[in-house]
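Observations on chain architecture
Next come the chains, spelled out residue by residue.
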Amino acid sequence: MNRSVKRVAAVLGPVAVFSATPFVAQTPEPAGYAHRYETEHFVFLAREGEATRSELQWAGGRAEGWFENVRGVLGEDRTPSAQLVVLIDGSGVGSGAVPHVDGQGRLFLYRYTDDFQDYLDSLLHELVHAFRRTTGYPYLGFVEEGVAAAIDEAFLPDKMSFPLYGFSADLVAGHLFKVDRAIPLGVLRTRHRALNLRCQIQSYSERVSFFGHLRDTFGLAALIDFIYDPAGVDSAGYEHAFGRSFSDLVGDWEVALSQRHRAIPDADAQWAAYIGESPAKYQNICKPGKDYSVAE
Ligand SMILES: [Zn+2]
């Protein structure tokens, strides 16, 4: 996920003064965090009561492993040279706060239960944004979210957290198409800002499924080349990267998705469990004409 820095700017205190040691991150560390823990590539800052030292040590180990994963797929020359600042920022329940990377490449993480482990659910995904931001690349919206999700899913295919809660993207996105509640991918692409969070069951599951399909068809390296292509990621960018137009790629994906969904033997029962028993039950499934207009 990615959010404007405006919302968080208000809670950031004055920038910390740097010491001359090479172990201090070049990225400004915000004030107001009670605990600080460093690893080779990270500085973790946690709010009072949000983490014990052993939890931060555990988080640091996981983060270092994922750092290697992301460096391995993005490439050494697209790897940040300074430590990344990770903020263990408290509960996101009720505040609407979602994990994001700000304009300086700092990673803001939230929990949605009392479990510290929640903080790490989005870290690998957010690392993709942080690598790009701290090495001078712009945020690409829909495409960057899609590629970050495809990388995340490649390394953590059975995640129990948002948006799939352990179910497959084919199950969720395939069901939405089956019952005519999918938002056309071209609409999600052109209206990313407006619909990404408002219609997140649809936007996340469809995007993960589509970019997972591109990854499995063309290879992860082709997706990485795509987001770093100086030619850009507009319609012509898809043609350049994959040899097919965006609308043709979407058409191919919809056919493949429908086939894969039909091959899930207990798809309806799985959907009932997803939408009735997982935290997805708290989320809005947008309706055309009510929550969004295709013509907007
Ligand atoms: Zn994201």
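Residues numbered from 1 in each chain as written. Predicted model: local features only at pLDDT ≥ 70, side-chain atom pairs only at ≥ 80, totals over all residues.

Mapped onto the elements of the fold, Pro265 is located in the loop between helix 11 (246-262) and helix 12 (267-277). Residue classification places Pro265 among the exposed positions, given that 8 C-beta atoms sit within 10 Å. The spacing of Pro265 and Glu153 is 112 residues in sequence and 22 Å in space, taken between C-alpha atoms. (Helix = DSSP H or I, 4+ residues; strand = E, 2+ residues; numbered from the N terminus. Buried ≥ 20, exposed ≤ 12 C-beta atoms within 10 Å, placed from the backbone.)

Bringing helix 9 (residues 220-227) into the picture now. Within the sequence span of helix 9, burial applies to Leu223, Phe226 and Ile227. Projected down its long axis, helix 9 shows its buried positions confined to an angular sector of 90°, all on one face. Buried residues belonging to helix 9 abut helix 4 (142-155), helix 8 (200-218) and helix 10 (235-242). (Arc of directions from axis to C-beta. Contact = placed C-beta atoms within 7 Å.)

So, on to the pairing of strand 2 (residues 42-46). By the criterion of burial, strand 2 is predominantly enclosed, with five of the five residues buried. By the alternation rule, side chains of strand 2 split into Phe42, Phe44 and Ala46 and Val43 and Leu45, which are all buried. Hairpin connection between strand 1 (residues 35-38) and strand 2: a loop of three residues separates the two successive antiparallel strands. Pairing of strand 2 with strand 3 (residues 84-91) involves five bridges; the strand directions are parallel. Pairing of Phe44 across the sheet is with Val86, part of strand 3. Crossover strand 2 to strand 3 through helix 2 (residues 53-74) is left-handed. (Pairing = 2+ DSSP bridges. Right-handed = clockwise from strand over helix to strand, strands pointing away.)

A separate point is the domain arrangement of the protein chain. Along its sequence, the protein chain is organised into domain 1 (6-134) and domain 2 (158-282). When each unit is reduced to the centre of its C-alpha atoms, the spacing between domain 1 and domain 2 is 27 Å. (Domains from an automatic or database assignment.)

Turning to the pairing of strand 5 (residues 107-111), a few remarks are in order. Judged by how many residues are buried, strand 5 sits mostly within the fold: five of five residues are covered. In terms of strand pairing, strand 3 meets strand 5 through four bridges, oriented parallel. Opposite Ile88, over in strand 5, you have Leu109 as the bridge partner. Sheet topology note: the strand 4 (residues 100-101)/strand 5 ladder contains two bridges and is antiparallel. Counted as the bridge partner of Val101 is Leu107 from strand 5. Taking the residues that link successive antiparallel strands as the turn, the strand 4-strand 5 hairpin has five residues, and the phi of Gly105 there is positive, at about 85°.

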